[in-house]
Amino acid sequence: MTEVSLGMPQLPAPDYPAEVRARLEADAREIIARYPGSRSALLPLLHLVQSEEGHVTPTGMRFCAEMLDLTTAEVNAVATFYTMYRRKPSGDYQVGVCTNTLCAVMGGDAIFETLQEHLGVGNNETTEDGKVTLEHIECNAACDYAPVVMVNWEFFDNQTPESAKRLVDDLRAGREVRPTRGAPLCTFKETARILAGFPDERPGAVEASGGAGPASLAGLKLAKGEVPGARVVPQRGGGEAPASAGQPTTATGEAPEPHPSSHDAPRKTAASDPDNPAGPVTKEGK
Ligand code: FES
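Residues numbered from 1 in each chain as written. Predicted model: local features only at pLDDT ≥ 70, side-chain atom pairs only at ≥ 80, totals over all residues. Heavy atoms only, no water.

Asks: Looking at this model, I keep getting lost on the pattern of salt bridges. Mind explaining?
Replies: Here the idea is simple: oppositely charged side chains can pair when their charged atoms come close. Enumeration according to the criterion identifies 17 salt bridges in this entry. When the shortest N-O distance is used, the salt bridge between E19 and R23 registers 3.2 Å. Linking E19 with R23, this pair stays in helix α1 (residues 18–32), spanning four residues, or about one helical turn. As a salt-bridge pair, E176 and R178 come within 3.7 Å of each other at their nearest N and O atoms. A single burial state applies to E176 and to R178, both of which are exposed. A cluster of three or more residues bridged by salt bridges with shared partners is formed by D15, R21, E25, R29, R62 and E66. (Salt bridge = Lys/Arg side-chain N within 4 Å of Asp/Glu carboxyl O. Helix = DSSP H or I, 4+ residues; strand = E, 2+ residues; numbered from the N terminus. Buried < 20%, exposed > 50% of the residue type's maximum accessible area, 1.4 Å probe, protein only.)

Structure follows, in structure tokens:
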């Protein structure tokens with residue numbers, strides 16, 4: 001019998017009940033047929049077994065190994081490499097707070113701390129009702145909507161500590177929750193089956209998927225010249241600037257709210273800083 005290498009002693013992993021095994025085998029064959037080499041199907045198969053049990057179990061790894069003619073050590077190596085595969089039971093809703101640099105400074109750290117306190121759980125822990133697993137997540141390329149929270153990989157943009165608390169309260173109460181963009185929300189197991197490559201049959205999923213939001217398209221529109229330039233930097237040295245020069249504009253051409261930052265302040269350069277003159281440094285420091 002196949003063994004799995006999770007912990008000691010190494011016990012044979014039990015198989016699925018016959019009915020479950022037959023159903024998963026049919027699904028697995030459909031997935032494997034999409035690839036020229038069967039081992040290429042490992043990632044979707046791991047999603048498939050995750051959709052059955054909510055996480056990747058020794059039984060699931062044994063199943064993947066047998067279907068793909070791999071060792072359980074090979075399957076284990078892949079399953080433990082990617083953070084999208086869970087290796088312990090967790091909640092119906094995986095609430096990931098992006099705490100990478102941009103989201104962190106825009107409020108992601110504060111959101112995470114608030115949710116920890118509000119839910120009474122730490123990183124990668126699940127609420128007692130089994131509904132929500134809270135975790136830090138890395139950048140999901142949605143920085144233009146920072147700070148971002150993801151629930152089962154659906155985006156919730158421009159969050160605040162208060163909006164994030166409402167979000168998890170609604171999830172735990174079973175109230176309908178709509179992501180800011182993308183497909184409607186479903187449970188973690190349902191998400192795993194979609195990630196395994198099976199059709200997304202949720203009403204409105206196809207219409208809602210795809211398409212970037214306005215913030216993501218602003219740069220593209222600027223590059224295409226479809227909107228006025230975002231910023232004109234006035235000349236140094238007191239040259240007359242046009243009336244509109246130096247005034248930032250939004251993608252729609254309207255002036256945004258004043259938003260001073262360190263980037264907007266006059267820069268101190270060697271030419272304007274007598275304490276730090278430009279030029280080669282001598283032994284005497286002059
Ligand atoms: S830093 Fe959070 S989405 Fe990029």
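Asks: Could you clarify how one ought to interpret the packing of helix α2 (residues 42–53) against helix α7 (residues 188–195) in this entry?
Replies: The relative placement of two packed helices comes down to the angle between their axes together with the axis-to-axis distance. Two elements in contact, α2 and α7, have axes separated by 8 Å at closest approach and are oriented at 160°. The angle between α2 and α7 falls in the class roughly antiparallel. Considering how the two elements wind past one another, α2 and α7 form a crossing that is left-handed. The segment α2 lies against α7, with H47, L48, Q50, S51, E52 and E53 engaging F188, K189, A192, R193 and L195. (Axes fitted to C-alpha atoms, helices over the stretch in contact; angles between N-to-C directions. Parallel < 35°, antiparallel > 145°, perpendicular 65-115°, else oblique. Left-handed = near helix turned anticlockwise from the far one by under 90°. Contact = heavy atoms within 4.5 Å.)

Asks: Help me out: how do you make sense of helix α3 (residues 58–68) in this one?
Replies: In terms of burial, α3 is a largely internal element, nine of the 11 residues being buried. Of all the residues in α3, the buried ones are T59, G60, M61, R62, F63, C64, A65, M67 and L68. The positive-phi residue at the C-terminal boundary of α3 is D69, with phi of around 55°.

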